[in-house]
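A structural walkthrough
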Amino acid sequence: MDRKKIVVLGTGGTIAGTAASASDHLGYTAAQLGVVQLVAAVPALAAGPWELLTEQLAQVDSKDMDFDIWARLVRRVSHHLAQADVQGMVITHGTDTLEETAWFLQALLGPDKPVVLTCAMRPATALAPDGPQNLLDAVAVASHPGACGVLAVCAGVVHGAREVQKVHTYRLDAFSSGDAGPLAYVENGGLRLLRNWPAAPAGQAQTAMKNIANLGEKRRWPRVDIVLSHAGADGAVVRALVADGVRGLVVAGTGNGSLHHALESALLQAQAAGVKVVRATRCLEGRVLSSPDDALADSQGLSPVKARISLLLELLAASDAPA
Ligand code: ASP
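Owing to the predicted nature of the structure, the values given are computational and were not obtained by experimental measurement. (Residues numbered from 1 in each chain as written. Predicted model: local features only at pLDDT ≥ 70, side-chain atom pairs only at ≥ 80, totals over all residues. Heavy atoms only, no water.)

1. So, the pairing of strand β8 (residues 157–160)
A regular strand carries its side chains on alternate faces of the sheet. Side chains of β8 alternate between two faces, with Val157 and His159 and Val158 and Gly160 buried alike. Where strand β7 (residues 149–154) and β8 come together, 4 bridges link them in antiparallel fashion. Each bridged residue has a counterpart across the sheet, and for Val153 the counterpart in β8 is Val158. Linking β7 back to β8 in an antiparallel pair, the connection comprises 2 residues, with Ala155 at a positive phi of about 55°. In this structure, β8 lies alongside strand β11 (residues 184–187), joined through 2 bridges in antiparallel fashion. Across the sheet, the residue bridging to Val157 is Tyr185, located in β11. (Buried < 20%, exposed > 50% of the residue type's maximum accessible area, 1.4 Å probe, protein only. Helix = DSSP H or I, 4+ residues; strand = E, 2+ residues; numbered from the N terminus. Pairing = 2+ DSSP bridges.)

As structure tokens, this is what we get:
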């Protein structure tokens with residue numbers, strides 16, 4: 001019987017990073033090794049019940065992730081997923097914006113096959129690098145029967161794209177799913193599933209195709225920014241952004257999405273002028289609980305960076321997006 005294919009796409013990150021010294025976990029350069037080298041460094045990958053295909057899509061430190069890479073990534077991911085003999089995909093990615101790429105792909109594609117982002121907190125040259133085990137675990141998840149949706153695997157923990165968030169600056173287990181908790185654990189190559197795989201929203205595939213076409217045609221992405229509510233906040237940043245032509249604003253509010261009154265009044269003015277405004281919270285856990293008389297829409301539980309992506313996609317899909 002033909003072995004199912006797992007496509008491993010490389011985009012860079014610390015998992016592909018190198019340092020001059022094996023004890024240096026900080027003074028390294030991300031995105032140095034190609035995806036072929038990453039796969040070759042894990043002998044167990046060659047022995048698995050899968051056929052691995054590799055593709056180098058980009059080579060960046062993910063702090064520098066940009067729209068061009070995302071546009072190419074979504075096209076390549078949808079191309080590979082459409083192949084009947086591809087069971088799933090793994091994307092090697094930096095940890096800094098992993099949650100944003102994960103949500104971008106989930107919101108656009110809502111795939112019925114697994115797309116597993118994985119990463120490392122230590123460079124490949126470290127005395128004990130975490131990337132090789134993470135890569136092996138990610139391939140195990142991508143090949144797991146029934147797995148679907150965009151997922152993240154790090155330190156033996158499987159997260160869903162909607163919930164995953166980087167919460168630590170240097171620990172190997174740097175991600176959390178907050179209140180929702182992890183989706184699964186990878187245990188010695190097997191999977192212990194704790195809750196259901198992420199479901200694709202109804203009608204997602206058609207919207208996705210429209211959005212992908214838009215990405216190709218309308219080279220300019222709508223400008224969407226994030227502003228923060230804090231002690232002493234005012235409306236100056238919002239007014240400057242509106243003057244600069246911003247199309248959407250996500251505000252990371254305090255607590256339950258509450259806003260400094262000066263910032264709030266500038267946001268209400270922006271909204272009245274046609275800017276789409278969404279209210280998220282700067283709290284790491286919980287979600288904004290809305291009430292019927294809220295003047296500003298809430299982010300439906302999305303973190304500020306993910307709410308920004310949803311707003312971008314909404315504006316991109318709208319017929320009046322700039323050409
Ligand atoms: N700056 C790196 C990146 O996001 C950090 C990492 O991968 O851990 O590419």
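2. A short note on the nonpolar core
Counting residues in each nonpolar core, the largest one holds 51 residues, and the members touching the most others are Val74, Val77, Ile91, Phe104, Leu105 and Leu109. Among the elements that take part in this core, helix α4 (residues 98–109) stands out by supplying 8 residues, more than any other. Of all hydrophobic cores here, the second largest spans 27 residues; its members include Val35, Val116, Cys148 and Val158. (Core = buried A, V, L, I, M, F, W, Y, C linked by side-chain atoms within 4.5 Å.)

3. Some details on the side chain of Ser62
You can see Ser62 is positioned in the loop between β4 (51–60) and α3 (67–81). Using a relative accessible area of 1% as the deciding quantity, one classes Ser62 as buried. If we skip the residues at most four places from it in the chain, Ser62 touches His93, Gly94, Thr95, Asp96 and Thr97. (Contact = heavy atoms within 4.5 Å.)

4. Some points on the sheet that holds strand β15 (residues 276–281)
Hydrogen bonds along the backbone pair up the strands of a sheet, which may run parallel or antiparallel. If you walk across this open sheet you meet the 4 strands as β13-β14-β15-β16, and the pairing is parallel. Each edge of the open sheet carries a strand with a single partner, namely β13 (224–228) and β16 (297–298). Sitting on the sheet, helix α7 (residues 236–243) touches β13 and β14 (248–253), and the angle it makes with β13 is about 170°. Most of the contacts of helix α9 (residues 304–317) go to β14, to which it runs at about 160°, and overall it touches β13, β14 and β15. (Axes fitted to C-alpha atoms, helices over the stretch in contact; angles between N-to-C directions.)

5. Some details on the site of the ligand
Around the ligand, the neighbouring residues are Gly13, Thr14, Tyr28, Asp61, Ser62, Gly94, Thr95, Asp96 and Ala120. Here Asp61 contributes a side-chain N or O atom positioned 2.7 Å from a nitrogen atom of the ligand. One of the side-chain N or O atoms of Ser62 is found 2.6 Å from an oxygen atom in the ligand. Here the ligand loses 93% of its free accessible area of 260 Å² to cover by the protein chains. Residue composition of the shell around the ligand, grouped by class: 2 nonpolar, 5 polar and 2 charged. (Near = heavy atom within 4 Å. Polar contact = N/O pair within 3.5 Å; in protein donor to acceptor, adjacent residues only side chain to side chain. Areas by Shrake-Rupley, 256 points an atom, 1.4 Å probe, with all protein chains shown as cover. Nonpolar A, V, L, I, M, F, W, Y, C, P; charged D, E, K, R; others polar.)

Without other data, these values stay purely geometric and don't point to any function.
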